[in-house]
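Here is how the chains run, residue by residue.
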Amino acid sequence: VIAEAMARSSATVHGFEQGYGYSRDMTKNSAFCDKMSAELGYAFTPCSSAEEAVRNADVVFTQTPGGEWVLDLKWLKPHALIVASGSDQPTKNEIPPAVMKKARVVTDITAQCLRVGELRSAVAAGVMKETDVHAQLGEVINGTKKGRTGKELIVCDLTGTGAQDAAIGSYVMKVLD
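Residues numbered from 1 in each chain as written. Predicted model: local features only at pLDDT ≥ 70, side-chain atom pairs only at ≥ 80, totals over all residues. Heavy atoms only, no water.

Asks: Explain the pattern of salt bridges to me, and be specific about the residues and the numbers.
Replies: Between side chains of opposite charge, pairing is possible as soon as their charged atoms come close. Evaluated as defined, the whole model comprises six salt bridges. In this structure, the salt-bridge partner of Glu4 is Lys35, at a minimum N-O distance of 3.1 Å. With Glu4 in helix H1 (residues 2-14) and Lys35 in helix H2 (residues 26-40), the pair connects residues that are 31 residues apart, well separated along the chain. One connected set of salt bridges, linked through shared partners, spans Glu4, Arg8, Lys35 and Glu39. (Salt bridge = Lys/Arg side-chain N within 4 Å of Asp/Glu carboxyl O. Helix = DSSP H or I, 4+ residues; strand = E, 2+ residues; numbered from the N terminus.)

Next up, the structure:
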């Protein structure tokens, strides 16, 4: 469900012409790719490995509750955007600390990401400090801080906030009406 929502919203914002999917369950992966291809009008390719999907992508969405890394720095394009929005908890860790260290990091709420987000793992590994976070998402949205300024690697660490979800929903409804 989250992957479908991310595919729909990113297609609306970015105007992609190609998508890639990966799941350990190839039946679900193929079904997802078929559904998104039909719905969004461009090809979604089911990949046989996370590496294949990540190497092809400019934007990478991770949505796992797991404690194992789902990508590697050497797989990423230098300008990739990673949106880490899996089920956050103190044991979750999808993104290697080396990726976090190299990236411009944007969080939804930095204090929360320090407790249960990808930022927590990078700080615990000693490769980042709280002050290394470039911005919170709200600062980028309201223009206080810039998001992308070049072709840098960006990680958006999203732990989930009800208030932001409601605000985004309200904004989208206004735009669509």
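Asks: Can you lay out the pairing of strand E1 (residues 18-21) for me, pointing to particular residues and giving the numbers?
Replies: Taking every second residue as pointing to the same face, the buried face of E1 carries Gly19 and Gly21, while none of Gln18 and Tyr20 on the other face is buried. Relative to strand E2 (residues 43-46), E1 runs parallel, the two being bridged by four bridges. Within E2, the residue paired with Gly21 across the bridge is Pro46. Handedness of the crossover is the feature at issue here: the chain leaves E1, passes through H2, returns alongside E2, and the resulting connection is right-handed. (Buried < 20%, exposed > 50% of the residue type's maximum accessible area, 1.4 Å probe, protein only. Pairing = 2+ DSSP bridges. Right-handed = clockwise from strand over helix to strand, strands pointing away.)

Asks: Go over the packing of aromatic side chains with me, naming the residues and quoting the values.
Replies: Summed over the entire model, instances satisfying the criterion amount to two aromatic pairs. Judged by centre distance (5.9 Å) and plane angle (90 degrees), the rings of Phe32 and Phe44 are edge-to-face. Within this pair, whereas Phe32 is found in helix H2, its partner Phe44 is found in strand E2, the two being separated by twelve residues in sequence. In this structure, Phe32 and Phe44 share a single accessibility class: buried. Relative to Phe44, the ring of Tyr42 lies with its centre 5.3 Å away and its plane at 25 degrees, an arrangement referred to as stacked. Taking relative accessible area as the criterion, Tyr42 reaches 11% and is therefore assigned buried. Overall, Phe44 belongs to the buried group, its relative accessible area being 10%. (Phe/Tyr/Trp six-rings, centres within 6.5 Å; stacked < 30°, edge-to-face > 60°.)

Asks: Which residues make up the pairing of strand E7 (residues 154-157), and what values go with them?
Replies: The side-chain alternation of E7 yields two buried faces, one formed by Ile154 and Cys156 and the other by Val155 and Asp157. As paired elements, strand E4 (residues 81-84) and E7 share four bridges and run parallel to each other. Bridge pairing links Leu81 to Ile154 in E7. Bridging between strand E5 (residues 104-107) and E7 involves four bridges; their strand directions are parallel. Paired with Arg104 across the two strands is Ile154, which belongs to E7.

Asks: Provide a residue-level description of the sheet that holds strand E3 (residues 59-62), including the pertinent values.
Replies: An order of E3-E4-E7-E5-E6 is seen for the five strands of this open sheet, with the pairing classed as parallel. Of all strands in the sheet, those bounded by a partner on one side alone are E3 and strand E6 (135-136).

Asks: Give a detailed account of the nonpolar core, specifying residues and quantitative values.
Replies: Counting 22 residues, the largest nonpolar core has Leu71, Leu76, Ile82, Val99 and Met100 as the members making the most contacts within it. Those elements that provide at least two residues to this core are helix H3 (50-56), E4, helix H4 (97-102) and helix H6 (118-124). Once residues within four sequence positions are removed from consideration, Met100 is found in contact with Ile95, Val105, Glu118, Leu119, Ala122, Met128 and Val155. (Core = buried A, V, L, I, M, F, W, Y, C linked by side-chain atoms within 4.5 Å. Contact = heavy atoms within 4.5 Å.)

Asks: Requested: an account of H1, with residues and values cited.
Replies: An α-helix turns once every 3.6 residues. As a result, residues three or four positions apart point the same way. Helix length check: H1 (13 residues) gives 18 Å between terminal C-alpha atoms against 18 Å at 1.5 Å per residue, within 8%. Looking at H1, one finds that the buried residues are Glu4, Met6, Ala7, Ser10 and Ala11. Down the axis of H1, the buried side of the element spans an arc of 160 degrees, and every buried residue falls inside it. Along H1, exposed side chains directed more than 90 degrees from the buried face belong to Thr12 and Val13. Of the residues flanking the end of H1, it is Gly15, one or two places downstream, whose phi is positive at about 65 degrees. (Expected span 1.5 Å × (residues − 1). Arc of directions from axis to C-beta.)

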